[in-house]
Amino acid sequence: ITIGALTALGITLIITGPSIADAYDAANVAACGSDCTTAIDNFLREVRAGTSGSVYDLATAIMYVIPALIGIFWGAPLLARELETGTHRLAWNQSVTRTRWLGTKLAVIAAASAATVGLLSWAITTWAHRIDAAAGDRITPVIYGARGLVPIGYALFAFILGVTAGMLIRRTVPAMATTLAIYSVAVFSMQEWVRQQLVAASHVINPLDTSSLDGVSINPDTGQMTVFASANLPDAWVLTNQTITDTGQAFTGPFDPQYCGPDAGFTVCEEWIATLGLRQDLTYHPASNFWPLQWTETGIL
């Protein structure tokens, strides 16, 4: 089943790969010079509108699902099935010692798990490299977990997790359910809380550029005001983006109704905001942290 699924996905990537290359060349991304925004937007719009966009989303999802399936169907039944049916009494009393029996099972299936997910990760990363480079989101949480070495770490983690659950629970189906639950929690926790702490993040405070404002939130009842601005950090994973005053406090207003009231236009409000001397406090992981994060997270897993 695994070989068949890999073959089917490989054929799909081979068929759709040329369309990505053609869209990349047609948008002239490679020779766009200093201003590539329009070329990149055209390229990504063309890709997402076609079959390649659906394949891209499916391939990303597969890289999260496959490790879970390995843990559920390869790891959990390995010991649980023997213990549940009682066949361990025969299997562990032959000329092959139980240590060698278990060691061989673990080594062979762990190697198969790493090879399966490693091949998938290499194929998908290679296929999607133009899209990842244009979008500049390879280090962001969702895409990061489906690229590089990390999927191999998740596959081995899920496999050993399944084996351990089967050994302790001694029933196949409950062990499979437990494996899925713990794996899901581990993936979510790593993405939301742990990963950002694995490598030192960069921190910078810049003067607020009002030309990069994304919006303004105003509460007329309390007088509070929040200013949202783009980070303008290409290819980075932005952890925090806060507008602060020149004293380092979070800016919460008050707003001036004369400039930012209901009768004033956004341009007038923007010009008034520019006079406040606000700053933008950013914490982020630059693109250069991709591989240090990958090696560290894979080692932990």
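Whatever comes next refers back to the structure up there.
Definitions and limits used
- Residues numbered from 1 in each chain as written.
- Predicted model: local features only at pLDDT ≥ 70, side-chain atom pairs only at ≥ 80, totals over all residues.
- Heavy atoms only, no water.
- Axes fitted to C-alpha atoms, helices over the stretch in contact; angles between N-to-C directions.
- Helix = DSSP H or I, 4+ residues; strand = E, 2+ residues; numbered from the N terminus.
- Parallel < 35°, antiparallel > 145°, perpendicular 65-115°, else oblique.
- Left-handed = near helix turned anticlockwise from the far one by under 90°.
- Contact = heavy atoms within 4.5 Å.
- 1 Å grid on protein atoms, 1.4 Å probe; cavity = no way out; pocket = protein on both sides within 12 Å on 5 of 7 lines; lining within 4 Å.
- Points joined across faces, edges and corners; volume = space filled by probe spheres on them.
- Nonpolar A, V, L, I, M, F, W, Y, C, P; charged D, E, K, R; others polar.
- Pairing = 2+ DSSP bridges.
- Disulfide = S-S within 2.5 Å.
- Buried < 20%, exposed > 50% of the residue type's maximum accessible area, 1.4 Å probe, protein only.

Student: Is there a simple way to explain the packing of helix 5 (residues 98-127) against helix 8 (residues 150-169) in this structure?
Tutor: Helices that pack against each other are described as a pair by the angle of their axes relative to one another and the distance between those axes. Relative orientation of the contacting elements helix 5 and helix 8 amounts to 150°, with a least axis distance of 8 Å. Overall, the two elements helix 5 and helix 8 adopt an arrangement that is roughly antiparallel. The way helix 5 lies across helix 8 gives a crossing that is right-handed. Across the interface between the two elements, K105, L106, I109, A110, S113, A114, V117, G118 and S121 from helix 5 touch P151, I152, A155, L156, F159, I160 and V163 from helix 8.

Student: Any chance you could explain the layout of surface pockets here in plain terms?
Tutor: In this approach, a probe sized like a water molecule rolls over the atoms, and the result shows the empty space that is left. The volume enclosed by the largest pocket comes to roughly 350 Å³. Listing elements by their share of the lining of the largest pocket, those giving two or more residues are helix 1 (2-26), helix 3 (51-85) and helix 5. Examining the composition of the lining of the largest pocket, we find that 8 residues originate from one element, helix 3, more than from any other. Per-class residue counts for the lining of the largest pocket are 13 nonpolar, 2 polar and no charged. What lines the second largest pocket is I40, D41, A133, A134, A135, G136, L233, P234, D235 and A236. Secondary structure elements with two or more residues in the lining of the second largest pocket: helix 2 (37-49) and helix 6 (129-135). With 3 residues, the top contributor of residues to the lining of the second largest pocket is helix 6. Looking at the lining of the second largest pocket, its residues break down into 7 nonpolar, 1 polar and 2 charged.

Student: Teacher, can you tell me more about the sheet that holds strand 5 (residues 279-285) here?
Tutor: Paired through their backbone hydrogen bonds, the strands of a sheet run either parallel or antiparallel. On the basis of which strands lie adjacent, the open sheet formed by 3 strands has the order 1-5-4 and antiparallel pairing. The open sheet has two free edges, formed respectively by strand 1 (202-207) and strand 4 (237-244), since each of these has just one partner strand. Ignoring strand direction, the axes of neighbouring strands in this sheet form an average angle of 20°.

Student: I tried to follow the state of the cysteines on my own but got confused; where do I start?
Tutor: Two cysteines form a disulfide when their sulfur atoms are joined by a covalent bond. Evaluated as defined, the whole model comprises 2 disulfides. There is a disulfide in this structure between C260 and C269, and the S-S distance comes to 1.9 Å. The chirality of the disulfide connecting C260 with C269 is right-handed, given an S-S dihedral of about 95°. The two residues C260 and C269 agree in class, both being buried. Sequence-ordered numbering of the bonded cysteines in the protein chain yields a pairing of 1-2, 3-4.

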